[in-house]
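Results of the structural survey
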Amino acid sequence: MSPLLRREPRKSPADHLITLIGKPDCHLCEEARAVVLRLAGELGFSWEELDINEDAELYRKYWEQIPVTLIDGRQHDFWKVDETRLRRALGV
């Protein structure tokens, strides 16, 4: 079969890592964290939270967009975590 026609097997939601980039005392970050926590409990994916104030590169790259979500290291969303959009991106 041609490599162009081959599809990679679809990952399960539990096979993904969600990264939430934010900062303390940010109400949008708190709302995003609540959505990520709820979905992680339901779908079983791993997640981590990074403080933009502790990493100069993250600060430079994302300061005006926080909270930012990454899926497996690739930017997915910013300013708000849309639950439906995140579910879709995780194949649910």
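Residues numbered from 1 in each chain as written. Predicted model: local features only at pLDDT ≥ 70, side-chain atom pairs only at ≥ 80, totals over all residues. Heavy atoms only, no water.

A look at the packing of aromatic side chains
- Counted according to the given criterion, the structure contains two aromatic pairs.
- Note on Tyr-59 and Trp-63: the rings are 4.7 Å apart at their centroids and 25 degrees apart in plane angle, and the pair reads as stacked.
- Among the residues examined, Tyr-59 registers a relative accessible area of 37% and is labelled partly exposed.
- On the basis of relative accessibility, which here comes to 33%, the residue Trp-63 falls in the partly exposed class.
- Between Phe-78 and Trp-79, the aromatic rings sit 4.7 Å apart at their centres with planes inclined by 70 degrees, giving edge-to-face as the arrangement.
- Judged by its relative accessible area of 33%, Phe-78 falls in the partly exposed class. (Phe/Tyr/Trp six-rings, centres within 6.5 Å; stacked < 30°, edge-to-face > 60°. Buried < 20%, exposed > 50% of the residue type's maximum accessible area, 1.4 Å probe, protein only.)

Re helix H1 (residues 27-43)
- Spanning 17 residues, H1 covers 24 Å between terminal C-alpha atoms, matching the ideal 24 Å at 1.5 Å per step.
- Three or more residues of H1 are buried, namely Cys-29, Ala-32, Val-35, Val-36, Leu-39, Ala-40 and Leu-43. Looking straight down H1, one finds that the buried residues subtend no more than 130 degrees of arc, so they occupy a single side. Residues of H1 that are exposed and point over 90 degrees away from its buried face: His-27 and Gly-41.
- Taken from the residues just after H1, Gly-44 is the one with a positive phi, measuring 85 degrees. (Helix = DSSP H or I, 4+ residues; strand = E, 2+ residues; numbered from the N terminus. Expected span 1.5 Å × (residues − 1). Arc of directions from axis to C-beta.)

Describing the pairing of strand S2 (residues 46-51)
- Across six bridges, the pairing between strand S1 (residues 17-22) and S2 is parallel. The residue bridging Leu-20 from the neighbouring strand is Glu-49, located in S2.
- Taken together, S1, H1 and S2 form a β-α-β motif whose crossover is right-handed. (Pairing = 2+ DSSP bridges. Right-handed = clockwise from strand over helix to strand, strands pointing away.)

What to know about unusual backbone geometry
- Cis geometry is found at the peptide bond from Ile-66 to Pro-67, where omega equals -5 degrees.
- Tracing the backbone shows Pro-67 in the loop between helix H2 (56-62) and strand S3 (68-71).
- In the Ramachandran plot, Asp-25 falls in the positive-phi region, its phi being about 60 degrees despite a non-glycine side chain.
- Tracing the chain through its elements places Asp-25 in the loop between S1 and H1.

Comments concerning the sheet that holds S2
- Reading across from one edge, S2-S1-S3-S4 is the order of the four strands in this open sheet, with mixed pairing throughout. Looking along the sheet, the strands with just one partner apiece sit at the ends: S2 and strand S4 (74-78). For this sheet, the mean inter-axis angle between neighbouring strands, taken without regard to orientation, is 25 degrees.
- One ladder, built from four bridges, connects S1 with S3; its direction is antiparallel. Note on S3: the bridge partner recorded for Thr-19 is Leu-70. (Axes fitted to C-alpha atoms, helices over the stretch in contact; angles between N-to-C directions.)

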